Amino acid sequence: MKATYHGHSVVKVEVNGKTILFDPFISGNGNTDLHADEVKADVILLTHGHNDHVGDTVDIAKRNDALVVAPFELAEYLGNKGVNAHPMYIGGSHEFDFGKVKFTQAFHGSSYTEEDGTTVYTGMPTGILLTVEGKTIFHAGDTGLFSDMKMIGEMNDIELAFLPIGDNFTMGPDDALVAAKWLDAKQVVPIHYNTFDLINQDGKAFAEKVSPGTGKALEVGESIEL
């Protein structure tokens, strides 16, 4: 299994011939190496409905006939746009042919802003646990620090955790360090930073403060083999 960071909160997981994308915000993302019209995906996992996470989901899903897994209201919204969407919710899990997905809570918001400025409510924000071949990846989505992260760490043997560190809209580096400790993941990668001036952070400085040998700030396009 290979996990690749593509800037902001975009993560690609390749396993067993399948390509799984988390939060594919590509168009308008100056901090990614991807081109939306070239992206291949079998599955898209969405943590919440903000535009900088839903991103190019509709176009990618339709072009690739990809399955989109998302919180219920967001899945319904995307389904009405012709996307093959599977609805889930916090605390629920489901076994797919590519692996097991479980949604966790996150403390944030979730809405999609249409081109005309209309705001559509898209349900609760979430984090996502993806388990394939006995290895679990946790994508925390956009969230502040919350104490149940300790429980998530105790209940799951997390191989790799992607944690936001941008501050202002999500956890900053200090709170993310606490989250990393509670989750007790074997590897921790910072996300959701340096895309905009308001969330500029030093990812390498954060990674160096995580438990020795655990933190790793990936360059855009860099991968981890699991």
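These notes cover the structure that comes with them. (Residues numbered from 1 in each chain as written. Predicted model: local features only at pLDDT ≥ 70, side-chain atom pairs only at ≥ 80, totals over all residues. Heavy atoms only, no water.)

A short note on the overall build of the protein
Next up, step 1: The helix and strand tally for the protein stands at 6 helices and 15 strands.
Next up, step 2: Taking 2.2 N^0.38 as the reference for a compact globule, 226 residues should give roughly 17 Å; the C-alpha atoms of the protein span a radius of gyration of 16 Å, in line with that estimate.
Next up, step 3: For the C-alpha atoms alone, the extent of the protein along its principal axes is close to 45 × 40 × 30 Å.
Next up, step 4: The proportion of buried residues among the 226 residues of the protein is 54%.
Next up, step 5: Total accessible area on the protein is roughly 9,700 Å²; 45% of this is exposed by carbon and sulfur atoms.
Next up, step 6: In the protein, 16 side chains carry a positive charge and 33 a negative one; their mean positions are 6 Å apart. (Helix = DSSP H or I, 4+ residues; strand = E, 2+ residues; numbered from the N terminus. Rg over C-alpha atoms; globule rule 2.2 N^0.38 Å. Buried < 20%, exposed > 50% of the residue type's maximum accessible area, 1.4 Å probe, protein only. Areas by Shrake-Rupley, 256 points an atom, 1.4 Å probe, with all protein chains shown as cover. Lys, Arg positive; Asp, Glu negative; His and termini not counted. Charge placed at Lys NZ, Arg CZ, Asp CG, Glu CD.)

What about the pattern of salt bridges?
Next up, step 1: Applying the stated criterion across every chain, the model contains 6 salt bridges.
Next up, step 2: A salt bridge links Lys186 to Glu159, with the shortest nitrogen-to-oxygen separation between them at 3.9 Å. Separated by 27 residues along the polypeptide, Lys186 in the loop between helix 5 (173-183) and strand 14 (187-191) and Glu159 in strand 13 (residues 158-164) bring together distant segments of the chain.
Next up, step 3: For Lys186, a relative accessible area of 39% translates into the label partly exposed. (Salt bridge = Lys/Arg side-chain N within 4 Å of Asp/Glu carboxyl O.)

Focus: helix 4 (residues 148-155)
Next up, step 1: When helix 4 is considered as a whole, its buried residues turn out to be Met149, Ile152 and Gly153. Each buried residue of helix 4 sits inside an arc of 95° when the element is viewed along its axis, so together they form one side. In helix 4, the exposed positions that point more than 90 degrees away from the buried face belong to Glu154 and Met155.
Next up, step 2: For helix 4, the elements touching its buried residues are strand 8 (100-105), strand 11 (126-132), strand 12 (135-139), strand 13 and helix 5. (Arc of directions from axis to C-beta. Contact = heavy atoms within 4.5 Å.)

Notes on the sheet that holds strand 1 (residues 2-5)
Next up, step 1: If you walk across this open sheet you meet the 7 strands as 6-5-4-3-2-1-15, and the pairing is mixed. Each end of this open sheet is capped by a strand with a single partner; those strands are strand 6 (85-88) and strand 15 (223-225). On average, each strand axis in the sheet is inclined to that of its neighbour by 20°, with strand direction left out of account.
Next up, step 2: Sheet topology note: the strand 2 (residues 11-15)/strand 3 (residues 18-22) ladder contains 5 bridges and is antiparallel. Its bridge partner lying in strand 3, Glu14 is registered against Thr19.
Next up, step 3: Sheet contacts for helix 2 (residues 57-64): strand 3, strand 4 (43-45) and strand 5 (67-71); angle to strand 4, the most-contacted strand, approximately 160°.
Next up, step 4: Along the sheet, helix 3 (residues 72-79) makes contact with strand 5 and strand 6, crossing strand 5 at roughly 140°. (Pairing = 2+ DSSP bridges. Axes fitted to C-alpha atoms, helices over the stretch in contact; angles between N-to-C directions.)

Things to note about the sheet that holds strand 11
The strands making up a sheet associate through hydrogen bonds between their backbones, and the pairing can be parallel or antiparallel.
Next up, step 1: Spatial strand order, 7-8-11-12-13-14: 6 strands in an open sheet with mixed pairing. The open sheet is flanked by strand 7 (93-95) and strand 14, the only strands paired with a single partner. If you compare each strand with its neighbour and ignore which way they point, the axes differ by 15° on average.
Next up, step 2: Pairing analysis gives 5 bridges linking strand 13 to strand 14, with the strands arranged parallel. The residue of strand 14 that forms the bridge with Leu160 is Gln187.
Next up, step 3: Taken strand by strand, helix 4 contacts strand 8, strand 11, strand 12 and strand 13, and its axis lies near 160° from that of strand 8.
Next up, step 4: Along the sheet, helix 5 makes contact with strand 12, strand 13 and strand 14, crossing strand 13 at roughly 165°.

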